[in-house]
Amino acid sequence: MNEVEQLCYLQGVALDYVDYYGQQKRIDDDVRRAILTACGHHVHDNEYVRDKNRQLDGLPWQQVLSEFQVTSSENTYLTVRAQTFEPEKQLELVIADSQQECCRLSVSLNDSMEEGNYVLDGVRYSQYRITLPKLTPNYYQVELIYRSNITTSQAFNGTLAVAPVSCYSLTEQQKVWGISCQLYTLRDKRESGFGDFSSLKELIQRSSEKGADYILLNPLHKLFVTEPERASPYSPSDRNQINPLYISPRLCVDYSLPNGEYQSNATHIDYRQATTHKFKCFKVMYLNFCKLELANTTQRANEFREFVERYQTWQLSEFEYYLQWVAKEQLDYCQRYAKTKGMTIGLILDLAVGCTRDGEEYKRNQALFVEHANIGAPPDPWALDGQDWGLAVPDPLKLKETNFAHFISLIRANMIAGGLRIDHVMGLLRLWWCVTVDEQPAGCYVYYPFNELLAILCLESQLNQCVVIGEDLGVVPQQIKQSLDKAHVYGNDIFYFEKDQNGQFIAPQAHRKHAMLMIANHDVAPFYAWWQQRDIETRKSFSLYSNPEQFGYDITQREQDKLALREWLKAANTLPNSDDASAIYAAVVATLSASNSQFLCLQLDDLSGETFAVNIPGTDQEYPNWRRRLSRNLLTIFGPMSHEEQQTSVQQQRFWQLLNARRNNVSS
């Protein structure tokens, strides 16, 4: 291994990977060097590379105690390093949590077992594992005094994360079902023009009465107030903050004017108009809060001040802090409301894989991110040149150097409900970095400290009692699937793709158990569009096919898939007499109710019968992504609630009864 190869290894730059077709792909040396250059390394300076390798590989061995390390709650230990032949090496250890001292130990390293060594500048260093008493999962502060016969006493401090072996999860016998939705698309009983936390409350009411255990939401991250048309929830400004547009004035005690809702019957959301209207309401709320609460130092005023102090690193104006405070209060309220309505989990939030380079999160943590690379995806049949998502990539070495502080804060900020879906969960192990080589786009996988990130995820999940779903669609190394499954991070399966090698849909009992099974999600066609082939026609109408042959192939493939679906329903004895999309969809839901998967998720778009996707991946201006609203309101989709006078139709009642009956009685 030459010195540049060694630096690639230490930086996590991959040498090769297995592509979509299962072929081993070697990454060009020029691309790997471009990745190193993007990280700020001077690859053509031999002395720099040599010194950098020494710094990354050797110098950590001179640290007796690292600032941050992870251990398991089942086999708790602390790792220390010292010169091998230094005589009479003694440690005095104190480990404490935020409340009290947890243990105190005196250890002789001369009697401890060496588990690794390294020679640096002619000096041999050893690594020792110090067994600790059993500690409950938490973060602990470590105080260490080190001394030997030839070394004066030295004091060291660090953090020990004691992680459970798995995330907070359902019992093996539990099976739940719920709704997925893009919150902004909701049409509620007030016919507001932008789905917000009031709309969410109504969705909780209506879906919980039908037996739903959870609602999976799109990312609620903060976007761009001054550029409201940048609407993608997966390209956020800041994943630690909430998009203020989801605030409902009518749910806030500070709002004092009538007609505070943004009204619109348009098919697509006008984000600029919605933002203008909502912020007029927000200013009224803020002025009332200043006059009635802050000026009188009320309890709410004190709670707000505590919130500002807790998140002072955001460096917002008081008005912006107020909006974040109200948004979080309303989201918390909706989660509590979901639990009071009997939902097993409540809300499941969604964490985007990255943030934009011109957003608040990036600017606040700029030293953590790589300047000349973006997150993307390697080539596949849908994007022959790969994809560049335009999201900033964190440097894996800087993640470790900063004791994973950014990752921890990000997970905590989004584990404020009953569950968390992590978009592109493979990012815990590796991300595809998009760079430019000789003025041409190129890419390469870069690996991250997976074991530490997964341990932190498990710890935060247990501390916050929050289930975790990892979106693991696409090409996923077997290593990460097995590790995530062992850690009770639920996978994510899309019914359209759950086929055997012959192209036939697999039986419900063959579905992955530890997974969330969805018929469709925001990146594929809604079921009605899929069955009626509207999605293929839509792509053609927007000139998204590069040639007519591909259009013809998709039509042929869809006919084969529909035939396979009919056979699948026939095998389950659920094939309806009608070939109508609504009848077929109801049969699919009834059949999947008996699926082996612990989570069954029904997309609200499908329950509403939508035929236009909310998003078409690979498009930007060609298609109105993230703007299409539901064509029906929640009353029409779910039927009246039990306390309302009208009666739900017999057919609609039967749909929900069958779903719950089959879901509750399948064997686990």
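Preceding this paragraph is the structure being described.
Residues numbered from 1 in each chain as written. Predicted model: local features only at pLDDT ≥ 70, side-chain atom pairs only at ≥ 80, totals over all residues. Heavy atoms only, no water.

## A look at helix 5 (residues 271–292)
Here is step 1: Here helix 5 contains 22 residues, and its C-alpha end-to-end distance of 31 Å stays within 8% of the 32 Å for a straight helix at 1.5 Å per residue.
Here is step 2: Looking at helix 5, one finds that the buried residues are Tyr-271, Ala-274, Thr-275, Lys-278, Phe-279, Cys-281, Phe-282, Met-285, Tyr-286, Asn-288 and Phe-289. (Helix = DSSP H or I, 4+ residues; strand = E, 2+ residues; numbered from the N terminus. Expected span 1.5 Å × (residues − 1). Buried < 20%, exposed > 50% of the residue type's maximum accessible area, 1.4 Å probe, protein only.)

## Things to note about the packing of helix 14 (residues 534–541) against helix 15 (residues 548–571)
Here is step 1: Two numbers describe how helix 14 lies on helix 15: the axes approach to 10 Å, and their chain directions differ by 175°. In terms of orientation, helix 14 and helix 15 fall into the roughly antiparallel class. Listed contacts from helix 15 to Asp-535, Ile-536, Glu-537 and Lys-540 of helix 14 are Phe-551, Asp-554, Ile-555 and Arg-558.
Here is step 2: Among the residues forming the contact of helix 14 with helix 15, the class breakdown is 3 nonpolar, no polar and 5 charged. (Axes fitted to C-alpha atoms, helices over the stretch in contact; angles between N-to-C directions. Parallel < 35°, antiparallel > 145°, perpendicular 65-115°, else oblique. Contact = heavy atoms within 4.5 Å. Nonpolar A, V, L, I, M, F, W, Y, C, P; charged D, E, K, R; others polar.)

## Overview of the pairing of strand 24 (residues 599–603)
Here is step 1: Counting buried positions over the 5 residues of strand 24 gives 5, a clear majority of the element.
Here is step 2: Here strand 24 shows a buried face lined by Phe-599, Cys-601 and Gln-603 and a second buried face lined by Leu-600 and Leu-602.
Here is step 3: Across 5 bridges, strand 11 (residues 176–181) lies against strand 24 in parallel orientation. Residue pairing in the sheet places Ser-180 in a bridge with Gln-603 of strand 24.
Here is step 4: Across 3 bridges, the pairing between strand 23 (residues 515–518) and strand 24 is parallel. Bridging across to strand 24, Met-516 finds its partner in Phe-599. (Pairing = 2+ DSSP bridges.)

## Observations regarding the packing of helix 4 (residues 197–209) against helix 7 (residues 318–340)
Here is step 1: One way to put it is that helix 4 packs onto helix 7 with a least axis distance of 10 Å and a crossing angle of 5°. On the basis of their axis angle, the class for helix 4 and helix 7 is roughly parallel. Side by side, helix 4 and helix 7 meet where Phe-197, Leu-200, Lys-201, Ile-204 and Gln-205 of the first sit next to Ala-327, Gln-330, Leu-331, Tyr-333, Cys-334, Tyr-337 and Ala-338 of the second.
Here is step 2: When grouped by side-chain class, the residues that make up the contact of helix 4 with helix 7 number 9 nonpolar, 2 polar and 1 charged.

## A few points about the sheet that holds strand 11
Here is step 1: On the basis of which strands lie adjacent, the open sheet formed by 8 strands has the order 21-18-15-12-11-24-23-22 and parallel pairing. Looking at the sheet topology across the chains shown, the edges are occupied by strand 21 (467–470) and strand 22 (491–494). Between one strand axis and the next, the sheet turns by 25° as a mean value, whatever way the strands run.
Here is step 2: Of the strand pairs in this sheet, strand 11 and strand 12 (residues 214–217) are connected by 4 bridges, and their pairing is parallel. Among the inter-strand pairings, Ile-179 is bridged to a residue of strand 12, identified as Ile-215.
Here is step 3: Here helix 4 sits on the sheet in contact with strand 11, strand 12 and strand 15 (346–351), set at roughly 145° to strand 12.

## Describing the nonpolar core
Here is step 1: Counting residues in each nonpolar core, the largest one holds 180 residues, and the members touching the most others are Phe-527, Leu-565, Phe-599 and Leu-604.
Here is step 2: The next biggest cluster of nonpolar side chains, apart from the first, holds 21 residues, and it includes Leu-65, Leu-109, Ile-130 and Val-162. (Core = buried A, V, L, I, M, F, W, Y, C linked by side-chain atoms within 4.5 Å.)

## Quick notes on the pattern of salt bridges
Here is step 1: Throughout the structure, instances matching the rule amount to 32 salt bridges.
Here is step 2: One salt bridge connects Glu-361 with Arg-239, and the closest N-O pair in it is separated by 2.6 Å. In this pair, Glu-361 sits in helix 8 (residues 360–364) while Arg-239 sits in strand 14 (residues 238–242), placing the two residues 122 residues apart along the sequence. Pair check on accessibility: Glu-361 and Arg-239 agree, each one buried.
Here is step 3: Between Arg-412 and Glu-460 there is a salt bridge whose closest N-O contact spans 3.0 Å. Of this pair, Arg-412 sits in helix 10 (residues 405–414) while Glu-460 sits in helix 11 (residues 450–464), and the two are 48 residues apart along the sequence.
Here is step 4: Through salt bridges with shared partners, a single network forms among Asp-472, Lys-481, Asp-493 and Arg-512. (Salt bridge = Lys/Arg side-chain N within 4 Å of Asp/Glu carboxyl O.)

## Re unusual backbone geometry
As a rule of thumb, non-glycine residues mostly have phi less than zero, and peptide bonds are mostly trans rather than cis.
Here is step 1: We note that Asp-438 has phi near 55°; this positive angle belongs to a residue other than glycine.
Here is step 2: When its relative accessible area of 66% is taken as the criterion, Asp-438 is described as exposed.
Here is step 3: Residue Gln-533 is not a glycine yet carries a positive backbone phi of 65°.
Here is step 4: Residue Gln-533 is classed as buried on the basis of its relative accessible area, which comes to 11%.

## Let's talk about the sheet that holds strand 3 (residues 68–72)
Here is step 1: Read from one edge of the open sheet, 5 strands run 3-10-9-5-6, paired in mixed fashion. One side of each edge strand has no neighbouring strand; the edge strands of this open sheet are strand 3 and strand 6 (101–108). With direction set aside, neighbouring strand axes in the sheet form an average angle of 25°.
Here is step 2: Sitting on the sheet, helix 11 is in contact with strand 3, strand 9 (138–147) and strand 10 (154–163), with an inclination near 125° to strand 9.

## Quick word on the environment of Leu-132
Here is step 1: Turning to its location among the elements, Leu-132 is positioned in the loop between strand 8 (123–131) and strand 9.
Here is step 2: Classification of Leu-132 by relative accessible area gives buried; the value is 8%.
Here is step 3: Taking the C-alpha atoms as reference points, Leu-132 and Ile-95, separated by 37 residues in sequence, lie 9.5 Å from one another.
Here is step 4: Residues in contact with Leu-132, not counting those within four places in the same chain, are Thr-76, Tyr-77, Leu-78, Leu-93, Ile-95, Leu-105 and Leu-160.

## Looking at the side chain of Arg-300
Here is step 1: The residue Arg-300 is located in helix 6 (residues 299–310) in this model.
Here is step 2: Among the residues examined, Arg-300 registers a relative accessible area of 18% and is labelled buried.
Here is step 3: Of note is the side chain of Arg-300, whose polar atom sits 2.8 Å from the side chain of Asp-254. (Polar contact = N/O pair within 3.5 Å; in protein donor to acceptor, adjacent residues only side chain to side chain.)

## Points about a nonpolar patch on the surface
Here is step 1: Together, Tyr-20, Tyr-21 and Val-475 give the surface a local cluster of nonpolar side chains, amounting to about 310 Å² of exposed area.
Here is step 2: Mapped onto the elements, Val-475 comes out in the loop between strand 21 and helix 12 (478–486).
Here is step 3: Residue classification places Val-475 among the partly exposed positions, given a relative accessible area of 32%. (Patch = residues over 30% accessible without salt bridge, like charges linked within 9 Å, V, L, I, M, F, W, Y side chains within 5 Å. Areas by Shrake-Rupley, 256 points an atom, 1.4 Å probe, with all protein chains shown as cover.)

## A look at the environment of Gln-557
Here is step 1: Position of Gln-557 among the secondary structure elements: in helix 15.
Here is step 2: In this structure Gln-557 comes out as partly exposed when scored by relative accessible area, which is 27%.
Here is step 3: Taking the C-alpha atoms as reference points, Gln-557 and Asp-30, separated by 527 residues in sequence, lie 39 Å from one another.

## A few points about the pairing of strand 19 (residues 430–437)
Here is step 1: Counted residue by residue, strand 19 has 7 buried out of 8 residues, so it is predominantly covered.
Here is step 2: Relative to strand 19, strand 16 (residues 369–377) runs antiparallel, the two sharing 3 bridges. Among the inter-strand pairings, Ile-375 is bridged to a residue of strand 19, identified as Trp-433.
Here is step 3: In this antiparallel pair of consecutive strands, strand 19 and strand 20 (residues 440–447), the connection spans 2 residues, and Asp-438 shows a positive phi of 55°.

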